[in-house]
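# Coordinate analysis (summary)
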Amino acid sequence: MAQLETNINKLRRKDPDLADRLTPPPPEAGWELVHSPSGDLTAGRNLPEGFYLIHSSMDPRREAAEWLACQDIPEKMIILLGMGLGYPLRELAENTDWNSILVVEDASLFRLALAGDDFSDLIRPGIEFLIGPDPEPIEKRISRMAGPFSICAFLPAFNAHREFFRRILDTCHMRLFELRISAKDDFSETVKILLDEIRK
Amino acid sequence: MKILIIRTHRLGDILQLTPLLPGLKKKYSGAEITWITGDNFAGILDDHPGIDELLAIPEREYRYLLADRPDRFPCVYNEMYDFCRLLGRRKFDLVINRQYEVGSLISFLAGARAVRGGSYSPERSFVMEDSASRELYQNVKSDRKGNRMNLADWSLLIAGLAPGCAPMNLPVTEADRIRAEELIAESERSAPIAAVQMGAGRSFRQWGTENYRKVIRTILERTNYRIVLLGTGEEKEAADSILGDPSLPQGRIVNLAGRTPLKTLRGVLEWCRVLITGDTGTMHMAAAVGTRVIAIFYGTAYPWETGPYGDGHLILYSRNQCAPCREPEKCGSGQKCRSAIKPEHVWRAFEIQEAISAGGTARSAGLGEDVDLYITAVREGTGQELIPFPDRSTRPGNALRRPEVVPGNTVGEIAANLQKKKKDMIRSFYLAHSDAFFSEFSSYIDDLICLAGCLQAPDTAPDIRNAFESILPYIGSAAAAMQSRDLVSLKDILQYRLDPFLQEIASPVQNELR
């Protein structure tokens, strides 16, 4: 719990409202931390269908590095949908050229992440945490995005709160679409024509 | 040289482009070929050795979403935007577009240096830069009858290659063969097999179940052949009616309609000695795996354009002056072109095909006044010809050059394919494509079952068999993880438990490929 308090205290300086929201445990829980053979933590929970893991039970860091290698990140503004215990975020922050990262995560998992690892290097300017479960303020924030952005999703975390993330993803697509269409350049106009042709 | 081929739909049209692959590799040494196809056809191309990278777009899903779900438009728009931007980063030297407007637009967005087969620019809209494309377009639009060149040859010409310079080709893997054998082994094994594909997409293209029934009856009564019925799930009922016909010899017909995914279908077709069909995608697949075809052409189907490509296929075509028609629904002649072709004509073609493949000759087609029989022959430089039968004077020996099936390292090949599938699945996982991940996993498990079957063979090395037994518990764990949709555990099992074993048994095959 000491790690959680340290992280929340650091977060309080940056986002006091969020720190307050995280101080009492959120109502939905059930996640547990599990050590992997590589020494890193993963998280899982029991579902009626069986156990559900968020990160590799063998090597979560390697998994995050492989995840990043598959991402297409052409923009310097990034929205990360689902960070789990933070491995994908750390990979993004350390190994990509970015101006800002908006991290969307559910409160229960985010709290678990803060309890599991030192986030002092990630609670910093440029990285903004948009934490559920209420999607509305997150949607409002995304709708204010001023320029094109890249969307990355970490699937196990995304699927753990699928309805919530689907809604946020739709908002991301709507905003990105508005930004691209408003450019009115040959590329964005031709994509529109292409979709008309596919529809035929 | 980076080359992009664009063709996303229609199985037959996709297969008619396969001669491009060896043709381009031969012309441009070291060429890297990327192919864009629809995701429902990816399974037929994803292990083609001539394709360096296969990109699949969910075209059917997009068509549905764009038509019926306007709320999804932003998402589809962004996905296509990102897809095309990624293509642009590949910096293609040449695009061969066989998808008309869609391909033209993708070519423009990809920023290719040269485009053949139709291109687009905002200033000039849709244009055809190369003369072969313009000529083909004019032919199709105004005078199909004047065309004497197969679409496979047109594609070669459009790509800047000589018609007939390369064969239609589709690999058949050991796993395909094993699955095909399991299906076909439902009847006695020793007799040769004739496959019959009764359906074609639309009703006016169907020759009719009763006609096929008569052909099947004759083959079963007069030869020792077995019959395999092929088709989609929609054609299963018609196939069932033949299977259940008490007047037909029992135990010699297998109904595979709706039971052959594309990969299995190629294994089944390779197994068969001949396929009897209308102008279907299955017809092109048979030709691509080296199986002889007896094709029945009528209505809109025009054998010079879309006939089975390769040497020694037989095509029945009516002499009706109006064929090929443009609007069969408005036919004023009672579709004579179709009714002119009788079951006895197909049987005669079957006899002739038998005689030819036995190295003999048939003196006369004996088909009467209304129907012609053609035999196909491909020559480098001019492409495919349809030679009226029995005028065979221009070509000695029409026996089909069937590629020899060389028994390979079955276990090693399946293991190597499983490793490739694992890579694809892990990529789907990281790209958050969970549906693709689960569907690839089902296919992975199918191959793993094939592998398990192979390892039961008495000549399997004891250490490999022991190693396989040691991974069996992980296969059980994978099934449990699948149940709880636990992708992470599934991925871990593939990556850390199954893959090292597969690596061990696949390495001889991979070394050979290197």
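Residues numbered from 1 in each chain as written. Chains lettered and ligands numbered in written order. Predicted model: local features only at pLDDT ≥ 70, side-chain atom pairs only at ≥ 80, totals over all residues. Heavy atoms only, no water.

Moving on to the environment of A:L22. Residues and elements named next belong to chain A. As for its position among the elements, L22 is in helix 2 (residues 16-22). The spatial distance from the C-alpha of L22 to the C-alpha of R111 is 6.6 Å, given a sequence separation of 89 residues. Look past the residues within four positions of L22 in its chain and what remains in contact with it is I8, L11, A107, F110, R111 and L114. (Helix = DSSP H or I, 4+ residues; strand = E, 2+ residues; numbered from the N terminus. Contact = heavy atoms within 4.5 Å.)

Another point: the packing of helix 9 (residues 174-184) of chain B against helix 17 (residues 410-430) of chain B. How two helices pack is summed up by the angle between their axes together with the distance between the axes. All names here are of chain B. In contact at an axis separation of 8 Å, helix 9 and helix 17 are set at 110 degrees when each is read in the N-to-C sense. As the angle between them shows, helix 9 and helix 17 are arranged roughly perpendicular. Touching E174, A175 and I178 of helix 9 are T410, E413 and I414, all from helix 17. In the contact of helix 9 with helix 17, the residues fall into 3 nonpolar, 1 polar and 2 charged. (Axes fitted to C-alpha atoms, helices over the stretch in contact; angles between N-to-C directions. Parallel < 35°, antiparallel > 145°, perpendicular 65-115°, else oblique. Nonpolar A, V, L, I, M, F, W, Y, C, P; charged D, E, K, R; others polar.)

Residue and element names in this part refer to chain B. Spatial ordering of the open sheet is given by 3-2-1-4-5, a layout of 5 strands whose pairing is parallel. Only two strands of the sheet have a single partner each, and these edge strands are strand 3 (53-57) and strand 5 (114-116). The average angle at which neighbouring strand axes cross in this sheet is 20 degrees, direction not considered. (Pairing = 2+ DSSP bridges.)

All names here are of chain B. In terms of burial, strand 2 (residues 32-38) is largely enclosed, as 6 of its 7 residues are buried. Relative to strand 2, strand 1 (residues 2-6) runs parallel, the two sharing 5 bridges. Note on strand 2: the bridge partner recorded for I3 is I33. Strand direction decides the pairing type here: strand 2 and strand 3, joined by 5 bridges, are parallel. In the strand pairing of strand 3, T34 is matched with E53. (Buried < 20%, exposed > 50% of the residue type's maximum accessible area, 1.4 Å probe, protein only.)

What follows concerns the pattern of salt bridges. All names here are of chain B. Applying the stated criterion across every chain, the model contains 47 salt bridges over all chains. R144 is paired through a salt bridge with E305; the nearest N and O atoms lie 3.0 Å apart. With R144 in the loop between helix 7 (131-142) and helix 8 (151-158) and E305 in helix 14 (residues 303-306), this residue pair connects regions lying 161 residues apart in the sequence. Of the two residues examined, R144 and E305, each falls in the buried class. Among the salt bridges present, the one from D492 reaches K491, with a minimum N-O distance of 3.3 Å. Here the two residues D492 and K491 agree in accessibility, since each one is buried. Through salt bridges with shared partners, one network takes in D47, D176, R179, R266, K421 and D447. (Salt bridge = Lys/Arg side-chain N within 4 Å of Asp/Glu carboxyl O.)

With that settled, consider a negative patch on the surface. Negative charge collects at one region of the surface, where B:D39, B:E61, B:E79 and B:D435 lie side by side. With respect to the helices, strands and loops of the structure, B:D435 is situated in helix 18 (residues 434-455). (Patch = residues over 30% accessible without salt bridge, like charges linked within 9 Å, V, L, I, M, F, W, Y side chains within 5 Å. Areas by Shrake-Rupley, 256 points an atom, 1.4 Å probe, with all protein chains shown as cover. Lys, Arg positive; Asp, Glu negative; His and termini not counted. Charge placed at Lys NZ, Arg CZ, Asp CG, Glu CD.)

All we've got here are geometric facts, nothing functional implied.
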